[in-house]
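Per-entry structural report
This is what each chain is made of:
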Amino acid sequence: MQQTRLGSTGLSVSRICLGMMTYGTPDWRPWVLDEAASRPLVKHAVDLGINFFDTADMYSGGQSEVLTGRFLREFCRRDEIVVATKVFFPVDVTFSGGVAAGGKLPPVAPNKLGLSRKRIFHAIDESLARLGTDYVDLYQIHRFDPNTPVEETMEALHDVVKAGKARYIGASSMWAWQFAKMQQVARTHGWTPFASMQNHYNLAYREEEREMLPLCRDQGVAVIPWSPLARGFLAGNRKAGDKQGGATSRAETDNIAQTYYYRASDFATVERLGAMAAAKGVSNATLAYAWLLHKGVTAPIIGASKLPQLDQAAAATELVLTADEVAQLEAGYEPHPVTGHA
């Protein structure tokens, strides 16, 4: 497994990051695997050389963090691996919402959501307890909080780093101007800036190429995109009729994917991807991950519910694409409404 640096930091991470959202409890999402089903997948990822693992406090109402910590203590040396988690959404197995259009937050109990100083300080301690570790390597804000001053959030994150509870901090999907503002506030006050951006980026959704990716390249910020297979859409097993009954449990129940993708041009993208993958003798997933790695991505965050999916991801790090092949995959892309911030 190839290794690279996390942006301009000295932290070494594998070119593939294992997303831990798939592991927790099906009480949260029907496609989530329990502990027994998850263990061999995480073990195989470690055997492949993956040392970068991403979870969030909200996944499975905290159970994902519990399993992440348990598996990594079982399979890894703590000083060699990179553990990332996130804060923003409520930690409640029944929570299935997000941020409404216009930045309106869902109705939840006070101080259970957002990026206030109180919320961040409570959340990091709870995450560390669930993970069973003294620190996380990368502590990320899961979304932008329009109801908390940027200065309050950035100072709190800086204090978390100075307290030794996190080594680096990162951010996730937001507008580029919001990310730039937060970085500038940190630098102005001498606080810790973000080392990474975890954003929505894949072959079927390329709007991040307009502002966010150039900003990250210019500032030396690592790009670790979520949903590199467009929530499984790029695997090639989705049909327009999935909205009524899908080929897989996730296809049938994933209303987010059905909102983000499923346009005629998106299916055309999958056809181009599938044709080239077949010609190269690789899976759609391997080629889609390889495309991302050729676009300057540090490490796509992959989801895996079957062992071969991990092998397909690892194979992407060895697959070389020409400039013409990259252009062929990108041909015919149609702009999308900006999605993933909420």
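Above: the structure in question.
Let us look at the structure shown here. Residue positions are given per chain, counted from 1 along the sequence in the order it is written. Selection of residues for local features in this predicted model requires a pLDDT of at least 70, selection of side-chain atom pairs for listing and counting requires 80 or more, and totals for whole chains, interfaces and linings are taken over all residues. To obtain the side-chain values, all non-hydrogen atoms of the structure were included, while hydrogens and water were left out.

1. Description of the nonpolar core
Just so we agree on the cut-off: Among buried residues, those of type Ala, Val, Leu, Ile, Met, Phe, Trp, Tyr and Cys that are joined through side-chain atoms within 4.5 Å constitute a nonpolar core. Note on classification: 1.4 Å probe, protein chains only; a residue is buried when its accessible area is under 20% of the maximum for its type, exposed when over 50%, partly exposed between these limits. Labels follow the DSSP assignment, with helices taken as runs of H or I lasting at least four residues and strands as runs of E lasting at least two, numbered in each case from the N terminus. In this analysis, two residues are considered to be in contact whenever any of their non-hydrogen atoms come within 4.5 Å of each other.
Of all hydrophobic cores here, the largest spans 98 residues; its most connected members are Leu-18, Tyr-139, Met-154, Met-174, Phe-179, Phe-194 and Leu-234. Among the elements that take part in this core, helix α10 (residues 284-293) stands out by supplying eight residues, more than any other. Non-local contacts of Leu-18, meaning those with residues more than four positions away in its chain, are made with Tyr-23, Val-42, Ala-45, Ile-50, Phe-52, Phe-53, Asp-54, Ile-301, Ile-302, Ala-304 and Leu-310. Val-13, Phe-52, Leu-138 and Ala-299 belong to the second-largest nonpolar core, a separate cluster that totals 13 residues.

2. Regarding a nonpolar patch on the surface
We apply this condition: Think of a patch as exposed residues, more than 30% relative accessible area, with no salt bridge, where like charges cluster within 9 Å and nonpolar side chains (Val, Leu, Ile, Met, Phe, Trp, Tyr) cluster within 5 Å. Areas reported as accessible are Shrake-Rupley estimates using a 1.4 Å probe. Residue values count occlusion only from the protein chains shown. Every case where a carboxyl oxygen of Asp or Glu lies within 4 Å of a side-chain nitrogen of Lys or Arg is listed as a salt bridge.
On the surface, Trp-175, Trp-177 and Val-338 cluster together to form a nonpolar patch covering roughly 340 Å² of accessible area. Structurally, Trp-177 can be placed in helix α5 (residues 176-189). The class for Trp-177 is exposed, based on a relative accessible area of 53%.

3. Some points on the packing of helix α1 (residues 35-47) against helix α11 (residues 307-316)
Stated precisely, the cut-off is as follows: The convention used is that axes are lines fitted to C-alpha atoms, helices contributing only their stretch in contact, and that angles between N-to-C directions extend from 0 to 180 degrees. For classification, angles of less than 35 degrees are called roughly parallel, those exceeding 145 degrees roughly antiparallel, those between 65 and 115 degrees roughly perpendicular, and all remaining angles oblique. Whether a crossing is left-handed or right-handed is set by the direction in which the near helix is turned from the far one by less than a right angle, anticlockwise for left-handed and clockwise for right-handed. Polar here means any residue outside two lists: the nonpolar Ala, Val, Leu, Ile, Met, Phe, Trp, Tyr, Cys and Pro, and the charged Asp, Glu, Lys and Arg; Gly therefore counts as polar.
Taken N-terminus to C-terminus, the directions of α1 and α11 make an angle of 20°; their axes are 9 Å apart at the nearest point. Classified by the interaxial angle, the pair formed by α1 and α11 is roughly parallel. The element α1 and its partner α11 pack so that their crossing is right-handed. Touching Pro-40, Leu-41, His-44 and Ala-45 of α1 are Leu-307, Leu-310 and Asp-311, all from α11. Considered class by class, the residues forming the contact of α1 with α11 number five nonpolar, one polar and one charged.

4. Thoughts on the sheet that holds strand β8 (residues 194-198)
Quick reminder of the rule: We treat two strands as partners when DSSP finds at least two bridges between them.
With respect to topology, eight strands assemble into an open sheet ordered β9-β8-β7-β6-β5-β4-β3-β10, the strand pairing being parallel. Of all strands in the sheet, those bounded by a partner on one side alone are β9 (222-223) and β10 (301-302). Where strand β7 (residues 166-172) lies against β8, four bridges are found, and the strand directions are parallel. Its bridge partner lying in β8, Ser-172 is registered against Gln-198.

5. Some words on the packing of aromatic side chains
Let me state the cut-off plainly: Whether two aromatic rings pair depends on their centres lying within 6.5 Å, for rings of Phe, Tyr and Trp, where Trp uses its six-membered ring; planes under 30 degrees apart make the pair stacked, over 60 edge-to-face, and the rest tilted.
According to the stated counting rule, one finds seven aromatic pairs in the structure shown. Note on Trp-28 and Tyr-59: the rings are 5.9 Å apart at their centroids and 45° apart in plane angle, and the pair reads as tilted. Taken together, the residues span a long stretch of sequence, with Trp-28 in the loop between β3 (17-19) and α1 and Tyr-59 in the loop between β4 (52-54) and α2 (63-75) at a distance of 31 residues. In terms of burial, Trp-28 and Tyr-59 fall into one category: buried.

6. Structural notes on the side chain of Asp-266
By secondary structure assignment, the location of Asp-266 is in helix α9 (residues 264-280). Once residues lying within four places of it in the same chain are set aside, the contact partners of Asp-266 are Ala-204, Phe-233, Tyr-260, Tyr-261 and His-336.

7. Things to note about the pattern of salt bridges
With the rule as written, the count across this model stands at 19 salt bridges. The partner of Arg-119 in a salt bridge is Asp-57, with the nearest N and O atoms 3.6 Å apart. With Arg-119 in helix α3 (residues 117-131) and Asp-57 in the loop between β4 and α2, this pair connects stretches of sequence that are 62 residues apart. Accessibility assignment for this pair places Arg-119 and Asp-57 in one class, buried. Arg-263 is paired through a salt bridge with Asp-266; the nearest N and O atoms lie 3.9 Å apart. A relative accessible area of 28% places Arg-263 in the partly exposed class. Overlapping salt bridges, with partners in common, bring together Glu-35, Arg-39, Arg-70 and Glu-74 in one network.

Note that all results are geometric; they support no functional claim without further evidence.
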